[in-house]
Amino acid sequence: MQHRRPPQVGGGAGLSPAQVAAGLARFNEAPFTTAEAALLECCGSRRWAHRMAAHRPFPDLPSLLAASDEAGYDLAPRDIAEALAAEPAPFLHDDAPRAAHLALQAAHAAYESRFGHSFVICLDACPPSQAVDQVLAAIRIRLTDEVDDERALTADELRRLARSRLVELVAGGW
């Protein structure tokens, strides 16, 4: 549905601690610009990516994820807007029913009209078969949020997405 679905490290994805350690070592040793570019794929804020690349090396995955959270909490509104602008548009597989495409487009349009930015959600715990329903339900609920509450929730979802993408990046073996 939306966003890449990273493997669940430690949660049964079949990744050994040695695989994660090797991927993290390659990440730590990558040239700064290479690491920064990869980090921009995890979170579209240049400030976040620069900070994460500059804080290498990370001794382990929990340290990397903690640093990601810390950098995410420090983002200014303009950094969050930059990250939101870099988020991929939500999509369904072409073979999904037309009604699902229309419902998703309408829900996203309503959300963007109300809040002025794209809807983001981390779907790590959601089976792919339930993703559309989860997104539509979340948009319906979040459309009732106050602007400030939604801004905070959106920032939290961006942090969750960054964490998931970092796990995918490190587990992907570089």
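Everything in this summary refers to the structure shown in the same document. Note that the coordinates shown come from a computational prediction; the quantities given were computed from them, not determined experimentally.

With that settled, the discussion passes to the side chain of Arg-159. Here Arg-159 shows up in helix H8 (residues 147-171). Residue classification places Arg-159 among the buried positions, given a relative accessible area of 12%. If near-sequence neighbours (up to four positions away) are discounted, Arg-159 is found in contact with Asp-69, Gly-72, Tyr-73 and Ala-152.

With that settled, the discussion passes to the packing of aromatic side chains. Applying the stated criterion across every chain yields a total of 3 aromatic pairs. Through a chain of ring-to-ring contacts, three or more aromatic side chains come together here, namely Tyr-111, Phe-115 and Phe-119. Above the ring of Phe-27, the side-chain terminus of Arg-56 is found at 5.7 Å from the ring centroid.

The subject of this paragraph is helix H2 (residues 32-42). What H2 keeps buried is the set Ala-35, Glu-36, Ala-38, Leu-39 and Cys-42. In a view along the axis of H2, the buried residues occupy a sector of 165°, so they form one face of it. What points out from H2, more than 90 degrees from its buried face, is the exposed set Thr-33 and Glu-41.

On to the pattern of salt bridges, then. Side chains that differ in charge, positive against negative, can pair when their charged atoms come close. A full pass over the atoms with the stated rule returns 10 salt bridges. Close ionic contact of Arg-163 with Asp-69 constitutes a salt bridge, the shortest N to O distance being 2.7 Å. Of this pair, Arg-163 sits in helix H8 while Asp-69 sits in helix H4 (residues 61-73), and the two are 94 residues apart along the sequence. Look at Arg-163 and you get partly exposed, because its relative accessible area is 29%. Beyond isolated ion pairs, a larger network of salt bridges with shared partners links Arg-51, Glu-70 and Asp-74.

Here is what the cut-offs are and how they apply
- Residues numbered from 1 in each chain as written.
- Predicted model: local features only at pLDDT ≥ 70, side-chain atom pairs only at ≥ 80, totals over all residues.
- Heavy atoms only, no water.
- Helix = DSSP H or I, 4+ residues; strand = E, 2+ residues; numbered from the N terminus.
- Buried < 20%, exposed > 50% of the residue type's maximum accessible area, 1.4 Å probe, protein only.
- Contact = heavy atoms within 4.5 Å.
- Phe/Tyr/Trp six-rings, centres within 6.5 Å; stacked < 30°, edge-to-face > 60°.
- Lys NZ or Arg CZ within 6 Å of the ring centre and 35° of its normal.
- Arc of directions from axis to C-beta.
- Salt bridge = Lys/Arg side-chain N within 4 Å of Asp/Glu carboxyl O.

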